[in-house]
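Spelled out from the first residue to the last, the chains are:
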Amino acid sequence: MGVEKLFAQGPYPVGFVEFDVSYTPPGSTEVRVLPVKAWYPAVAESGASQARYAVAGIVDVVTEIALDGPDTADGAFPLVVYSHGSGGEGLLGYPYGENFASWGWVVVAPSHVGNTAIDGIRNEFAPFAANLLHRVTDITAVLDAVSAGVGAPIDGHANLEDVLLFGHSFGGYTTLAAGGADFDYDALVANCPVADDDGSCDFLAQPEVDAAFRAGFGDPRIDALVAQAPA
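Residues numbered from 1 in each chain as written. Predicted model: local features only at pLDDT ≥ 70, side-chain atom pairs only at ≥ 80, totals over all residues. Heavy atoms only, no water.

J.: Any chance you could explain the packing of helix α4 (residues 128–148) against helix α8 (residues 207–215) here in plain terms?
T.: For any two helices packed against each other, one specifies the crossing angle of their axes together with the interaxial distance. Axis separation between α4 and α8 bottoms out at 11 Å; the angle between their running directions is 50°. By the angle between their axes, α4 is oblique relative to α8. The handedness of the crossing between α4 and α8 comes out as left-handed. Touching Ala 129, Leu 132 and Leu 133 of α4 are Val 209, Ala 212 and Phe 213, all from α8. By residue class, the composition of the contact of α4 with α8 is six nonpolar, no polar and no charged. (Axes fitted to C-alpha atoms, helices over the stretch in contact; angles between N-to-C directions. Helix = DSSP H or I, 4+ residues; strand = E, 2+ residues; numbered from the N terminus. Parallel < 35°, antiparallel > 145°, perpendicular 65-115°, else oblique. Left-handed = near helix turned anticlockwise from the far one by under 90°. Contact = heavy atoms within 4.5 Å. Nonpolar A, V, L, I, M, F, W, Y, C, P; charged D, E, K, R; others polar.)

Next up, the structure:
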């Protein structure tokens, strides 16, 4: 297969929507709200206008492919979840989202709050240990939300029996951890006092955080993993 075929658009028009997923993760008493971008196979000749991509509502990214919220094509489609790298956001997955959706996949890409571009600009990154945990619980929360029907118009069109998870850098770690890779929690705790403490030590000291790390993160709904330059 040549490169031109690998990146060629498929037969489906591509729809684009945004929605939020909310949950309370271990180690937090506050509800965590994740902005989620989604691309999906759309009905033909929907009359929908061109989608607008915007990072934090400020920086526009031009798309000539995605349409703004058309109805989803008939059927249930395999689901892709994309996890961005540290200091990124879900919108970075748009080239994958557009391509996968055109070939009959539903693609969802959460922004990992506390580890996004805007958090970096504002110098508001969450503690490293919190990001280690919450990035992975974000994936389970997104799968739960899609399964429950959050995110019209993709409701009922994502096949949770056929799930691919992939991510880049810190998203690669997220992919491996959500896929069930073991985590050396004792080593993390042992090394915490000698590292620059950004609040991670206090975070790790919470009993529910200890329990979450020791229980492991593998989500049995995930069928395949692609880790791109995993951190």
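J.: Looking at this model, I keep getting lost on the environment of Ala 178. Mind explaining?
T.: By secondary structure assignment, the location of Ala 178 is in helix α5 (residues 170–178). Take Ala 178: its relative accessible area is 1%, and that puts it in the buried class. As a C-alpha pair, Ala 178 and Gly 218 span 40 residues in sequence and 4.8 Å in three-dimensional space. (Buried < 20%, exposed > 50% of the residue type's maximum accessible area, 1.4 Å probe, protein only.)

J.: Teacher, can you tell me more about the pairing of strand β7 (residues 106–110) here?
T.: Within a regular beta strand, the side chains point alternately toward one face of the sheet and then the other, so they alternate between its two faces. Of all five residues making up β7, five are buried, and the element is well covered by its neighbours. The alternating pattern of β7 places Val 106, Val 108 and Pro 110 on one face and Val 107 and Ala 109 on the opposite face, and all of these are buried. The pairing of strand β2 (residues 32–41) with β7 spans four bridges and is classified as antiparallel. The partner of Ala 38 across the bridge, within β7, is Val 108. Summarising the sheet, strand β6 (residues 77–83) and β7 pair through three bridges and their orientation is parallel. What sits directly across from Val 81, in β7, is Val 108. Crossover connection from β6 via helix α2 (residues 94–102) to parallel β7: handedness right-handed. (Pairing = 2+ DSSP bridges. Right-handed = clockwise from strand over helix to strand, strands pointing away.)

J.: Got a minute to help me understand the environment of Thr 174 in this structure?
T.: Mapped onto the secondary structure, Thr 174 falls in helix α5. For Thr 174, a relative accessible area of 0% translates into the label buried. In this structure, the C-alpha to C-alpha distance between Thr 174 and Ala 205, residues 31 residues apart in sequence, is 22 Å. Within polar-contact distance, the side chain of Thr 174 engages the backbone oxygen of Phe 170 at 2.8 Å. (Polar contact = N/O pair within 3.5 Å; in protein donor to acceptor, adjacent residues only side chain to side chain.)

J.: Just checking my understanding: could you explain the pattern of salt bridges for this structure?
T.: For side chains of opposite charge, pairing can occur when their charged atoms come near one another. Considering all chains together, one arrives at eight salt bridges under this definition. Arg 32 is the salt-bridge partner of Asp 138, the closest N and O atoms lying 2.8 Å from each other. Of this pair, Asp 138 sits in helix α4 while Arg 32 is found in strand β2, placing the two residues 106 residues apart along the sequence. By the burial criterion, Asp 138 is buried, and Arg 32 matches it. Notably, a salt bridge pairs Lys 37 with Glu 89, separated by 3.7 Å at the nearest N-O pair. Here Glu 89 lies in the loop between β6 and α2 and Lys 37 lies in strand β2, a separation of 52 residues in the sequence. Each member of the pair, Lys 37 as well as Glu 89, carries the same accessibility label: buried. One network of salt bridges, in which partners are shared, links Glu 18, Lys 37 and Glu 89. (Salt bridge = Lys/Arg side-chain N within 4 Å of Asp/Glu carboxyl O.)

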